[in-house]
Amino acid sequence: MSKETFVTKEMIEEAVKTYPTPFHIYDEKGIRENAQAVKEAFSWNKGFKEYFAVKATPNPYLIQILKEYGCGCDCSSLTELMISKAVGVEGEDIMFSSNETPAEEYAYAAKLGAIINLDDITHIDFLEGILGKLPETMSCRYNPGGVFTMSNGIMDNPGDSKYGFTKEQMFQGFRILKRKGVKNFGIHAFLASNTVTNEYYPLLAKQLFELAVQLKKETGAEIRFINLSGGVGIPYRPDQKGNDIRAIGQGVRKVYEEVLVPAGMGDVAIYAEMGRFMMGPYGALVTKAIHEKHTYKEYIGVDACAVNLMRPAMYGAYHHITVLGKEQEPCGYKYDVVGSLCENNDKFAVDRMLPKIEKGDYLVIHDTGAHGFSMGYNYNGKLKSAELLLKENGDIQLIRRAETPKDYFSTFDGLGIYESLEKEFLG
Ligand SMILES: *Cc1c(COP(=O)(O)O)cnc(C)c1O
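Residues numbered from 1 in each chain as written. Predicted model: local features only at pLDDT ≥ 70, side-chain atom pairs only at ≥ 80, totals over all residues. Heavy atoms only, no water.

1. Points about the confidence of the model for the protein
At step 1: Summing up the model confidence of the protein, the mean pLDDT is 96 and the portion of residues at 70 or higher is 99%.
At step 2: Confidence scores differ between elements of the protein, with helix α13 (residues 417-426) showing the lowest mean pLDDT of 75 and strand β1 (residues 23-27) the highest of 99. (pLDDT = per-residue confidence, 0-100. Helix = DSSP H or I, 4+ residues; strand = E, 2+ residues; numbered from the N terminus.)

As structure tokens, this is what we get:
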């Protein structure tokens, strides 16, 4: 089965003249069309806002595009907050959904006027200790425990996850916050990851809406928003059917009208913090086949490795691969497509049926637009790649340059390692 790419062989052959492989490339047109569809799917809710999960793709150029569609930023660290600030996303357009949060990060979030979403009941005192006085608007992250099931079985295991308040703590927490002067409340939950079904958001919404009605009734808290967070997935495999965001929007609307409206809560805003769904399909990792190896298996060695895309090594995640220029050829060869790390899990694909690959072929590894580049690291002294943007007019723009050895050595202040080697090795 095949999967479309948004780049062609000709495009990449042109791009590599300026930007050598490997690199991540993003599709502006796809990002825009999808952002528009998300906006329309929830336009029935007056206060709707998507807070893009910055950790998925922390690139100011891309966040700027989403901002044009009314998106805010969901941040969970100091530098993510700084990126938001840099693109002009401030105040309540930032959702700070962190956990095990250092004091200085809470302080900076508050300074930017972000909405703070607490991960734990003990953070009420922790935050008050930092700020002196709590903000007027606060959110709490809910964890119902147990397992989260949908019609096709168990989807995830909230009872095993480190996040959120228990149900009892939600009630207790809201009472304490109210006593401490908080006026507007939000509820947040993230119960299942990468769900490829239109059912997830509506089911989650129903749980949160019912909780909201109960919380309001028992604590008198004014609930201003319900944050469905992330977890809306994408079809990584070619035989999977993607989510229909319009159907998801309508599914949430239905439970909103069933649960919140009759409770007199028809003014509650719906928030989302999608990362993967906003960006995942609109990024790809382009890499070149540089070796072939015939031992007990057939290997294709490429110039990217797990530091450019960690998901296959970390979760055994499937990412589809297209060999550019060979889209129509039969997939008659079984390969492991591997990177150069000294780790045997550095494999983009295992036993993958592909067309015959020659050295010099360009491979497109699909769906790296979220949790791709951003999970990168520097193991084996590998350097992070560039990020490119395929503009709507067909131009290619560099939106993050590749790391250089100088970047790698720059944190050894004063040792001058790079400077002393520069002449010797790099001419
Ligand atoms: C990771 C994360 C998201 C985004 O998740 P996706 O699966 O990319 O949609 C949203 N909110 C929080 C708090 C997260 O940790």
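Let us keep going from here.
2. Re the nonpolar core
At step 1: Counting residues in each nonpolar core, the largest one holds 90 residues, and the members touching the most others are Ile-187, Tyr-201, Phe-209 and Ile-226.
At step 2: It is helix α8 (residues 200-219) that contributes the most residues to this core, nine residues altogether.
At step 3: Residue-level mapping places this core at the junction of two domains, with at least three residues from each of domain 1 (28-280) and domain 2 (281-409).
At step 4: Discounting chain neighbours no more than four positions away, the residues touching Ile-226 are Ile-187, Leu-208, Phe-209, Ala-212, Leu-260, Val-268, Ala-269, Ile-270 and Tyr-271.
At step 5: Counting 16 residues, the second-largest nonpolar core is a separate cluster that includes Ile-321, Phe-348, Ala-349 and Ile-357. (Core = buried A, V, L, I, M, F, W, Y, C linked by side-chain atoms within 4.5 Å. Buried < 20%, exposed > 50% of the residue type's maximum accessible area, 1.4 Å probe, protein only. Domains from an automatic or database assignment. Contact = heavy atoms within 4.5 Å.)

3. So, the packing of helix α5 (residues 103-111) against helix α6 (residues 123-131)
At step 1: Here α5 crosses α6 at 70°, and the two axes come no closer than 10 Å. In this view, α5 runs roughly perpendicular relative to α6, as classed from their interaxial angle. Crossing of α5 against α6: the hand is right-handed. Here Ala-103, Tyr-106, Ala-107 and Ala-110 of α5 lie close against α6, whose contacting residues are His-123, Phe-126, Leu-127, Ile-130 and Leu-131. (Axes fitted to C-alpha atoms, helices over the stretch in contact; angles between N-to-C directions. Parallel < 35°, antiparallel > 145°, perpendicular 65-115°, else oblique. Left-handed = near helix turned anticlockwise from the far one by under 90°.)

4. Concerning the sheet that holds strand β2 (residues 49-53)
Sheet strands pair via backbone hydrogen bonds, and the direction of the pair is either parallel or antiparallel.
At step 1: Strand order around the closed barrel formed by eight strands is β2-β3-β4-β5-β6-β9-β10-β11, with parallel pairing between neighbours. Sheet twist, expressed as the average angle between the axes of neighbouring strands with direction ignored, equals 25°. (Pairing = 2+ DSSP bridges.)

5. Remarks on unusual backbone geometry
Excluding glycine, residues mostly have negative phi values, and the peptide bonds linking residues are mostly trans.
At step 1: Cis geometry marks the peptide bond from Thr-21 to Pro-22; its omega dihedral reads -5°.
At step 2: Topologically, Pro-22 is positioned in the loop between α1 (9-15) and β1.
At step 3: Even without being a glycine, Glu-100 presents a positive backbone phi close to 50°.
At step 4: Along the chain, Glu-100 turns up in the loop between β4 (94-97) and α5.
At step 5: By relative accessible area, which is 54% here, Glu-100 ends up exposed.

6. Let's talk about the pairing of strand β3 (residues 72-75)
At step 1: The alternating pattern of β3 places Gly-72 and Asp-74 on one face and Cys-73 and Cys-75 on the opposite face, and all of these are buried.
At step 2: Strand direction decides the pairing type here: β2 and β3, joined by three bridges, are parallel. Paired with Phe-52 across the two strands is Cys-73, which belongs to β3.
At step 3: Pairing of β3 with β4 involves three bridges; the strand directions are parallel. Within the sheet, the bridge partner assigned to Cys-73 lies in β4 and is Ile-94.
At step 4: Handedness of the crossover joining β3 and β4 through helix α4 (residues 78-86): right-handed. (Right-handed = clockwise from strand over helix to strand, strands pointing away.)

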